[in-house]
Amino acid sequence: MSEIDTLHIEIIRQRLVSIAEESEATILRTAYSSTVAEAADFSAGLFDAQRRLIAQTPRALGAFIGILGTALRRLLEDFPPETLSPGDVIITNDPWIGAGHLPDIVMIRPIFYRERIVGYSANVAHVADLGGKVSAEAADMFEEGLSIPPIKFYEKGKMNRTVLAFIAANSRLPTHVNGDLHALNTANKMAAQRVCELMDEYGLDELTGFSDQIQSRAEKAVRARIREVPDGVYTGSATSDGADAPLKLNVAITVKGDTVTVDYAGTSDQVRWGLNAPFNLTRAETLYALRIAFAPDVPVVDGAVAPFTVTAPEGCVLNPLRPAPTMIRVTVVQNVYGAVFKALAPLVPEHIAPNRLHAHFGGIWAVRFRGTYPKVPAAYANGGPPQVNATFTEAYFANGGAGALPDSDGHSTISMPVNCANIPVEIMEARAPILFEYKRQEPDTGGPGKYRGGVGQAFAIKVLSDVPVDFVPGTNDRVDNPPFGLFGGQAGRGGGFWIEGQKADRRRSQRMEHGQVVTVVVPGGGGCGNPSERDRAAIAEDLKEGLITSEGAARDYDYRD
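Residues numbered from 1 in each chain as written. Predicted model: local features only at pLDDT ≥ 70, side-chain atom pairs only at ≥ 80, totals over all residues. Heavy atoms only, no water.

1. A word on the overall build of the protein
Counted only if it meets this: Put simply, DSSP H or I for four residues or longer makes a helix, DSSP E for two residues or longer makes a strand, and each gets a number counted from the N terminus. We compute the radius of gyration over the C-alpha atoms and compare it with the globule rule, which gives 2.2 Å times the number of residues raised to the power 0.38. Exposure classes here rest on a 1.4 Å probe applied to the protein chains alone. A residue is buried below 20% of its type maximum, exposed above 50%, and partly exposed in between. We get accessible surface area from the Shrake-Rupley algorithm with a probe of 1.4 Å; when it comes to residues, only the shown protein chains can shield them. Charged-residue counts in this description rest on Lys and Arg as positive and Asp and Glu as negative, His and the chain ends being excluded. Taken as the charge centre is NZ of Lys, CZ of Arg, CG of Asp or CD of Glu, depending on the residue.
Tallying secondary structure elements over the protein gives 12 helices and 20 strands in all. For the protein, whose C-alpha radius of gyration is 24 Å, the value lies close to the compact-globule estimate of 24 Å for 561 residues. Its C-alpha atoms give the protein principal-axis dimensions of roughly 70 × 65 × 40 Å. Relative to its 561 residues, the protein shows a buried fraction of 60%. Within the structure as shown, the protein displays about 20800 Å² of accessible surface, and the carbon and sulfur contribution to it stands at 51%. Side-chain charges in the protein split into 54 positive and 66 negative, and the spacing between the mean points of these groups amounts to 2 Å.

Here it is as structure tokens:
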């Protein structure tokens, strides 16, 4: 193609990215659940008629985008394109089709232009509640809530109210979930309209030619990067705390020519706890890690991941068989980043830039408060949040520290790798009868090293309800097996739950009474490099900022101020 054509291809691609961004902004502004509207646990993308990803946003959750393409292809097996009409909308929350657990609802809409399908708008979001057990203690998927098979939510522009009613009847927060579904549908509808407007503006009859070009260029760029890496097998591992026993994740990464194959043979078997990760999610998380390492600057389209292949043995915790429970699968599956980065560490800095991989991270933790009471709690007798009413179930997301990089410190209390936000304290206090006594960065939790791991956070929450409430631990890990360091760096620290000072069960829901306090500490990330090599001025700055204590400085760095 000519230079001007190449320029227009990039302009069109960026316009499609902006449409995806507008779609995500629509979800953020119109959703009801705090998991969506506050934590931003959702993503949107655009696909061509061949079901290839053509646009996602820079903010998008990498794994969510990775599963949207596989989900789209699977849903179109049940609803072939030739059977679809303008205004059709398909949804599912099947963990083996979508994002790996029931709260994540996938929604797709075919984009019709001049009476034929030219692409698809798609999104996925973690809604507030679909019933069931939301801790790890379910024995199978059926105990974890409502399962929505692939079904038309809209048909020819008309909503299937039976589907909406059925979902609402199985949720503790029907208004929130219904609101989220309408937000997802509105965003997809808007994105489809914007794509048609773009095609009008540029005189396009279809998107296939444009997509062929961007897919081919992205694939060529990634293959060129891989060819710079020596052929070989690179191995790594990570260990999740599990429930009644640790879970081992083993990885072998084979680089051969311009391809990379990742195999999880030797990984622990699936368990009767909600820690299992369906393979579609395992694949998506792995592809995200590989993209970070090999080609973070290449546009995120299907061509960019074409050189990568991921496999895992059937029946392992990263490829469980139905109906394995999967509710807090992130607990285990996000350890693939640690395993992959450990395997690729010997390639730094000659073949992988130091800023492309990091030590293991503290992760995203989630806790939930759930209950019902007949009247307004006494704590609100003189006024209180209007959202606190008869039934509540609110999840709180809190991020740990990121692992240090071989050339810089890790970021503190940041979402890695999911891009979810820390839910504001004010939102939680407005929607559940609780009070945060404190929330702070926790010093000495970042792993010591030449470059320090990011610190985690700690918070304490008091129950204000007059009647008992359920405290439900969600995603949490790396307490017994803390986030490891790289290149001589030490592990991150911290992690745990305590109710009234007593260690709490991290895998089962527990009752809490009025006035009781739960304390949570989320781990910091691992360090990079020998702690003895850390710059003394950096240690002094850490002390000044409260990221380490005087005791920690003396213990970890032999530094005394």
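2. Things to note about the side chain of Asn178
Spelled out, the test is: Any two residues having at least one pair of non-hydrogen atoms within 4.5 Å are treated as being in contact.
You can see Asn178 is positioned in helix H5 (residues 174-202). What Asn178 contacts, discounting residues up to four positions off in sequence, is Leu164 and Ala168.

3. Comments concerning the packing of helix H3 (residues 62-78) against helix H7 (residues 279-294)
To keep it simple, the criterion reads: Working convention: axes come from line fits to C-alpha atoms, limited for helices to the stretch in contact. Angles between N-to-C directions cover 0 to 180 degrees. Under this scheme an angle from 65 to 115 degrees is roughly perpendicular, one under 35 degrees roughly parallel, and one over 145 degrees roughly antiparallel; angles in between are oblique. In this scheme, a crossing is called left-handed if the near helix is turned counterclockwise away from the far one by less than a right angle; it is called right-handed if the turn is clockwise. All residues other than Ala, Val, Leu, Ile, Met, Phe, Trp, Tyr, Cys, Pro, Asp, Glu, Lys and Arg, Gly among them, are scored as polar; the first ten of these are nonpolar and the last four charged.
Two elements in contact, H3 and H7, have axes separated by 8 Å at closest approach and are oriented at 125 degrees. Relative to H7, H3 is oriented oblique. The chirality of how H3 crosses H7 is right-handed. Where H3 approaches H7, its residues Gly62, Ala63, Gly66, Ile67 and Thr70 are matched on the opposing element by Asn280, Leu281, Arg283, Ala284, Glu285 and Tyr288. Counted by class, the contact of H3 with H7 contains 5 nonpolar, 4 polar and 2 charged residues.

4. Brief notes about the environment of Thr549
As for its position among the elements, Thr549 is in the loop between helix H11 (536-545) and helix H12 (550-557). Residue Thr549 is classed as partly exposed on the basis of its relative accessible area, which comes to 23%. Once the C-alpha coordinates of Thr549 and Leu247 are considered, the two residues, 302 residues apart in sequence, prove to be 33 Å apart. Setting aside residues up to four positions removed in sequence, Thr549 forms contacts with Pro443, Asp444 and Leu543.

5. Notes on empty space enclosed by the protein
A water-sized probe, rolled over the atoms, reveals where empty space remains. Test applied: Space inside and on the surface of the protein is sampled on a 1 Å grid over the protein atoms alone, with a cavity defined as a set of points where a 1.4 Å probe fits but cannot get out and a pocket as an open set with protein on both sides within 12 Å along at least 5 of 7 lines; lining residues have an atom within 4 Å of a point. Grid points are joined across faces, edges and corners, and a volume is the space filled by probe spheres set on the points.
Enumeration according to the criterion identifies 5 cavities of 30 Å³ or more in this entry. Space inside the largest cavity adds up to approximately 380 Å³. Every residue lining the largest cavity is counted, 32 residues in all, and those nearest its centre are Asp41, His101, His126, Arg329 and Thr475. Secondary structure elements with two or more residues in the lining of the largest cavity: H3, H7, strand S12 (364-372) and strand S13 (391-399).

6. Observations concerning H3
Under the convention used in this document: Multiply 1.5 Å by the residue count of a helix minus one, and that product is the helix's expected span.
Between its first and last C-alpha, H3 extends 26 Å over 17 residues, near the 24 Å set by a 1.5 Å rise per residue. Among all positions of H3, only Gly62, Ala63, Phe64, Ile65, Ile67, Leu68, Gly69, Ala71, Leu72, Leu75 and Leu76 are buried. The elements touched by buried residues of H3 are strand S1 (42-48), strand S2 (53-56), strand S3 (89-92), strand S4 (104-113), strand S5 (116-126) and H7.

As far as function goes, none of this settles anything; it's purely spatial.
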